[in-house]
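Structure assessment
Each chain, letter by letter, is given below.
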Amino acid sequence: MTAHADLPAGPGGVTAGQDGVTAGPGGVTAGDAVSRAELLWDAAAAGDEYAAVDVVVAALDDGMDMESLLMDVVAPVQARVGREWAANRITVAQEHTITAVNERVLAALAHHPSTRAPAPALPAPHSSTPAPHGSTSASRDHSPAQHRGRVTVACIDGEWHAFPARILAEVLRLRGWRVDYLGAQVPTPHLIAHLHRAGPDVVALSSSIATRLPAAHAAITACQATGTPVLAGGAAFGPDGRYARLLGADAWSPDARSAADGLDAGLPPRPAPGRQAVDDLPHLDDQEYTLVARSARQLVRQVMDGLRERVPAMASYSPQQLRHTAEDVSHIVDFLGTALYLDDPELFGGFLAWTGEILAARGVPARVLLPALDLLAERLTDFPRTTGMLAYGHEILRTAAADTGHAQNTDTGTGPAPAAEGAGGGR
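Just so we're clear, the structure is a prediction, and the values are computed from it rather than from any experiment.

Counting across every chain of the model gives 4 aromatic pairs. On the numbers, 6.5 Å between centres and 35° between planes, the contact of tryptophan 85 with tryptophan 354 is tilted. You can see tryptophan 85 sitting in helix H3 (residues 66-86) and its partner tryptophan 354 sitting in helix H14 (residues 345-361), a full 269 residues away along the chain. Here the aromatic rings of tyrosine 289 and tyrosine 341 are separated by 4.8 Å at their centres, their planes lie at 75°, and the arrangement is edge-to-face. Note that tyrosine 289 is positioned in helix H11 (residues 288-294) and tyrosine 341 in helix H13 (residues 319-342), a separation of 52 residues in sequence. Owing to a relative accessible area of 8%, tyrosine 341 belongs among the buried residues under this scheme. Put simply, the rings of Trp85, Phe335, Phe351 and Trp354 touch in pairs and so form one group of aromatic residues.

Here the focus is the nonpolar core. Burial of nonpolar side chains together is a common tendency in soluble globular proteins. One finds Leu205, Leu213 and Phe348 to be the most contacted residues of the largest nonpolar core, which totals 63 residues. In contact with phenylalanine 348, other than residues within four places in its own chain, are Ile332, Phe335, Leu336, Ala339, Leu373, Met389, Leu390 and Gly393.

The next subject is the sheet that holds strand S2 (residues 178-183). With parallel pairing, 5 strands are arranged side by side in an open sheet as S2-S1-S3-S4-S5. Both outer strands of the open sheet, S2 and strand S5 (251-252), are each paired with one neighbouring strand and no more. Bridging between strand S4 (residues 230-233) and S5 involves 2 bridges; their strand directions are parallel. Within the sheet, the bridge partner assigned to alanine 232 lies in S5 and is tryptophan 252. Its contacts with the sheet place helix H5 (residues 163-174) against strand S1 (150-155), S2 and strand S3 (202-206), and it is angled at close to 170° to S2.

A few words now on the environment of arginine 150. By secondary structure assignment, the location of arginine 150 is in strand S1. On the basis of relative accessible area, arginine 150 is assigned to the buried category, the value being 6%. The sequence separation of arginine 150 and arginine 173 amounts to 23 residues, and the corresponding C-alpha distance is 9.8 Å. Within polar-contact distance, the side chain of arginine 150 engages the side chain of aspartate 180 at 2.7 Å.

What follows is about helix H2 (residues 49-61). For H2, with 13 residues, the first-to-last C-alpha span of 18 Å sits near the 18 Å given by 1.5 Å per residue. Where H2 is concerned, the buried positions are Ala52, Val53, Val55, Val56, Ala59 and Leu60. End-on view of H2: buried residues confined to an arc of 150°, all on one side of the axis. Seen from the buried face of H2, the exposed residues on the opposite side, beyond 90 degrees, are Tyr50, Asp54 and Asp61. Of the residues flanking the start of H2, the one acting as N-cap is aspartate 48, its side-chain oxygen 3.2 Å from the backbone nitrogen of tyrosine 50.

Cut-offs and rules
Residues numbered from 1 in each chain as written. Predicted model: local features only at pLDDT ≥ 70, side-chain atom pairs only at ≥ 80, totals over all residues. Heavy atoms only, no water. Phe/Tyr/Trp six-rings, centres within 6.5 Å; stacked < 30°, edge-to-face > 60°. Helix = DSSP H or I, 4+ residues; strand = E, 2+ residues; numbered from the N terminus. Buried < 20%, exposed > 50% of the residue type's maximum accessible area, 1.4 Å probe, protein only. Core = buried A, V, L, I, M, F, W, Y, C linked by side-chain atoms within 4.5 Å. Contact = heavy atoms within 4.5 Å. Pairing = 2+ DSSP bridges. Axes fitted to C-alpha atoms, helices over the stretch in contact; angles between N-to-C directions. Polar contact = N/O pair within 3.5 Å; in protein donor to acceptor, adjacent residues only side chain to side chain. Expected span 1.5 Å × (residues − 1). Arc of directions from axis to C-beta.

Here it is in structure tokens:
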């Protein structure tokens, strides 16, 4: 059983499933980008950061422009990490190794002499957005000879996947923007303090994991209250940006290149004043999300107790296997809560379907998740939206089990299987 939701896929420049690469604006051919990405992957998988840096520097020396290198070579390598882990072709340790090397590559590129060319002397996009309260006009630094404008790039509080946001920051710098890159998991109060101090033209918020969306909503609303428009990006917001729109973001982009193109075309309009988070999601009035979120730890304990009663095999689980199972149940509860927040059963069902695929790659049938859903449903009978989502998730898993030839045993009380290496919450 697993609910490993830490795929390094997402936003600002990295999108899961990004296999195809077309010729970039710098005249880079698809074949050249793919071959160099393969070389970078081999070096990163070997843990050889020097060889990895040599690959990207050689690409620059051969005439590849920096933005194409970032978007068509470096970003696809990072996206591949998540796909390879999901397919059980690399371990968690290898996943971390490749990511660490890729981060070193990105740092080396950020300091390469080619990134220090003078910014284009283009007029800054006109914006009627006044500086947030507490900032000064001098802090905006709109000198056309230096910058197009100022952008703050940050990850949502609780979001540790900073690589896509860093890609976005580097692409924007290449386009001539002044960028304040705040990094991973920025607490919203500190983000707002930065906006008051720096007065950027726009803030770009990145999130890769859907369970961060409630925190993203709070951050979006708080940023807009300062008069700063919000550009959202990352896998958490959905492949079509549906959750960015639902949560009231002023703009959304699927990757760093399109985000930069959009800002080059013009800044998002100033946010409307006085908007509250609850205005976007009136269904929250039923309090189901609040009650489930507040009782999450208790629910996990109750489900674990119920699993021990229903699944005799758990008596032989090692402490590590029990811990992983509890972590997996916690992920199920977290995604259920997020689906309630958004009122979107498909988010919960999509998570369970993805988890079933992760299990199948490790030889574990998706049906092992069903007892946990049954136990949750038994404890949440007074919550109609919640029980509806659990029923939807149950059907998703039954269908997945049938598709893999395991449907005949889906209701026999089979419980969580011992976690496979790299699968049972190996984070």
